[in-house]
Amino acid sequence: MLLKQLIYGGICLMGLSGCATFKTLDTDLPLNERLFVYSGTRLDWAAVTGDEIALKKYKIEPPEYPLVDLPLSFALDSMFLPLAVCAEIFH
């Protein structure tokens, strides 16, 4: 029981390093240069795979632990998908 709580607590603490989805939506980039659809997941994946070209596209730092943030960003990006599609179409 204690080990389970320590693991969950560790995951929550690592999640405080920043959410990639919110980081990508809260940038100073003009709307025509932003990526909306699964932007946090893309940023995390670029950080995990070491894709420097994709990381430069976002012009922000990825979370400290992108592998931990990846499933959380995927879930949040999935919730925002209808809004993101509208933003991509009408920006």
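Use the structure listed above.
So, here is what we can say about the structure in this document.

Analysis parameters
- Residues numbered from 1 in each chain as written.
- Predicted model: local features only at pLDDT ≥ 70, side-chain atom pairs only at ≥ 80, totals over all residues.
- Heavy atoms only, no water.
- Phe/Tyr/Trp six-rings, centres within 6.5 Å; stacked < 30°, edge-to-face > 60°.
- Helix = DSSP H or I, 4+ residues; strand = E, 2+ residues; numbered from the N terminus.
- Buried < 20%, exposed > 50% of the residue type's maximum accessible area, 1.4 Å probe, protein only.

1. Examining the packing of aromatic side chains
One pass over the full model with this rule turns up 1 aromatic pair. Judged by centre distance (5.6 Å) and plane angle (25 degrees), the ring pair of Y38 and F74 falls under stacked. Within this pair, whereas Y38 is found in the loop between helix 2 (20–25) and helix 3 (39–49), its partner F74 is found in helix 5 (residues 66–79), the two being separated by 36 residues in sequence. The class for F74 is partly exposed, based on a relative accessible area of 45%.

2. Comments concerning unusual backbone geometry
Of note, Y38 is a non-glycine position whose phi angle comes to about 55 degrees, a positive value. A relative accessible area of 23% means that Y38 is categorised as partly exposed. Residue K59 is not a glycine yet carries a positive backbone phi of 60 degrees. For K59, the location among the structural elements is in the loop between helix 4 (52–58) and helix 5. Taking relative accessible area as the criterion, K59 reaches 59% and is therefore assigned exposed.

It is worth stressing that arrangement in space is one thing and function is another; only the former is reported here.
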